Amino acid sequence: EIYQCDWSSDVCSSDLVAALNGGVNVVENGIGGLAIERLKLKPLEIQKRVMLVYSGVSRVSGDFNWLKIKKALNGDRLTCRIFAKIAKNSLRVREALEKGNYSEAGALMGDENRLREKLGSRIVPARLKKIFAKVRRLGGHPKICGAGGGGCFIVWCEQESRGDIASLVVRSGMELLDYRISLPADL
C-alpha cells in the first residue's frame, strides 16, 4: 500500500507518518512530497527488539539539521557521499526487514549511526559515544534519533541482551521510554 502526501498538507510530516498510518513504514522524500508505504511486517517483531531511550541531553534539532543540509547544498563532497551511503543503507535495512532478517536489520541500523557520526562531531555527543560503545559490547545496535545532538536514541537488540542494556542505560542516568508501535486498523 503506497500513497502520496502533498507537502502543502498540515499533517504531512515524516515525523507524523507512523502515528497516522500505524505499523512499520517506508517514507521516501521526493520532489512531489512524501511517498509512504506500509511494510507487511509483524510490528511486534520490531517492538520487542527496539528500546527507546531519552538521553537527558537537550538540543535544538533545527540547528543540527541546517548545518548538515547547508554543507550538502554547498557541495561538500564528504557530506554528499555520506548522505548517499545512508540512503543506500536504508534500502538494505528495508530489504533485511522484508526478508525477516532482524539481526541484519539491527546491524545495518548501527552502521547508519556510525555514518551519521561522520556528518559532524556534535551528532552523537561524547557522553553518548561512550554509552554506545558499551551498548555495542553488550550486543546492541544504538542509533541516534532525529537530527542528533541528544534527545532520544534507539537500541536494536535481541531479548538475551535487553536486560543488560536496559540496566546500563538506567545506571547511566538515562530514561528508558515505554512505547508501542501503533497497529494499523487492518492488522
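See the structure above.
Residues numbered from 1 in each chain as written. Predicted model: local features only at pLDDT ≥ 70, side-chain atom pairs only at ≥ 80, totals over all residues. Heavy atoms only, no water.

### Describing helix α7 (residues 159–171)
Phase 1 of the analysis: Compared with an ideal rise of 1.5 Å per residue, which puts 13 residues at 18 Å, α7 spans 19 Å between its outermost C-alpha atoms and is within 8% of the ideal.
Phase 2 of the analysis: Among all positions of α7, only Ser-161, Ile-165, Ala-166, Leu-168 and Val-169 are buried. Projected onto a plane normal to the axis of α7, the buried residues spread over an arc of 165° and lie on a single side. The exposed set on the far side of α7, more than 90 degrees from its buried face, consists of Glu-160, Val-170 and Arg-171.
Phase 3 of the analysis: Considering only its buried residues, α7 is in contact with β4 (50–54), α6 (126–137), β6 (152–156) and β7 (175–177). (Helix = DSSP H or I, 4+ residues; strand = E, 2+ residues; numbered from the N terminus. Expected span 1.5 Å × (residues − 1). Buried < 20%, exposed > 50% of the residue type's maximum accessible area, 1.4 Å probe, protein only. Arc of directions from axis to C-beta. Contact = heavy atoms within 4.5 Å.)

### Here we look at the nonpolar core
Side chains that are nonpolar tend, in soluble globular proteins, to be buried together.
Phase 1 of the analysis: In terms of nonpolar packing, the biggest core is built from 23 residues, with Leu-128, Phe-153, Val-155, Ile-165 and Met-174 touching the most fellow members.
Phase 2 of the analysis: Listed by contribution, the elements that provide at least two residues to this core are β4, α4 (77–98), α6, β6 and α7.
Phase 3 of the analysis: Among residues more than four places away in sequence, those in contact with Val-155 are Arg-49, Val-50, Met-51, Val-135, Gly-140, His-141, Pro-142 and Ile-165.
Phase 4 of the analysis: Core analysis: the second largest hydrophobic core is formed by 16 residues, Val-24, Ile-46, Val-93 and Ala-96 among them. (Core = buried A, V, L, I, M, F, W, Y, C linked by side-chain atoms within 4.5 Å.)

### Considering helix α5 (residues 102–117)
Phase 1 of the analysis: Across its 16 residues, α5 extends 23 Å between first and last C-alpha, which sits within 8% of the 22 Å expected from 1.5 Å per residue.
Phase 2 of the analysis: Of the residues making up α5, those classed as buried are Tyr-102, Ala-105, Gly-106, Leu-108, Met-109, Gly-110, Glu-112, Asn-113, Leu-115, Arg-116 and Glu-117.

### A few points about the pattern of salt bridges
Phase 1 of the analysis: All chains considered together, the criterion is met by 11 salt bridges.
Phase 2 of the analysis: Note that Glu-98 is salt-bridged to Arg-94, the shortest N-O span being 3.2 Å. Remark: Arg-94 and Glu-98 occur in helix α4; sequence separation between them is 4 residues, near one turn of the helix.
Phase 3 of the analysis: Classification of Arg-94 as buried rests on a relative accessible area of 18%.
Phase 4 of the analysis: The residue Lys-129 makes a salt bridge to Glu-117 at a minimum N-O spacing of 3.9 Å. With Lys-129 in helix α6 and Glu-117 in helix α5, the pair connects residues that are 12 residues apart, well separated along the chain.
Phase 5 of the analysis: Via salt bridges that share partners, Glu-45, Lys-48, Arg-49 and Glu-158 belong to a single interconnected network. (Salt bridge = Lys/Arg side-chain N within 4 Å of Asp/Glu carboxyl O.)

### Topic: the environment of Glu-45
Phase 1 of the analysis: As for its position among the elements, Glu-45 is in helix α2 (residues 43–47).
Phase 2 of the analysis: For Glu-45, a relative accessible area of 22% puts it in the partly exposed group.
Phase 3 of the analysis: Between the C-alpha atoms of Glu-45 and Gly-100, which are 55 residues apart in sequence, the distance is 9.2 Å.
Phase 4 of the analysis: Separated by 3.3 Å, the side chains of Glu-45 and Lys-48 make a polar contact. (Polar contact = N/O pair within 3.5 Å; in protein donor to acceptor, adjacent residues only side chain to side chain.)

### Some details on the sheet that holds β4
Phase 1 of the analysis: Pairing is antiparallel across the open sheet formed by 4 strands, whose spatial order is β5-β6-β4-β7. Edge positions in the sheet fall to β5 (141–144) and β7, since each has one partner strand and no second. Going from strand to strand, the sheet's axes swing by 30° on average, the running direction of each strand aside.
Phase 2 of the analysis: Of the strand pairs in this sheet, β4 and β7 are connected by 3 bridges, and their pairing is antiparallel. Each residue of the ladder has a partner; that of Val-53, found in β7, is Leu-176.
Phase 3 of the analysis: Lying on the sheet, α5 is in contact with β5 and β6; it crosses β5 at an angle near 45°. (Pairing = 2+ DSSP bridges. Axes fitted to C-alpha atoms, helices over the stretch in contact; angles between N-to-C directions.)

### Topic: the pairing of strand β2 (residues 25–30)
Phase 1 of the analysis: Relative to strand β3 (residues 33–38), β2 runs antiparallel, the two sharing 6 bridges. By the bridge assignment for β3, Val-27 is matched with Ile-36.
Phase 2 of the analysis: Remark: 2 residues form the turn of the hairpin made by β2 and β3, two consecutive strands paired antiparallel.

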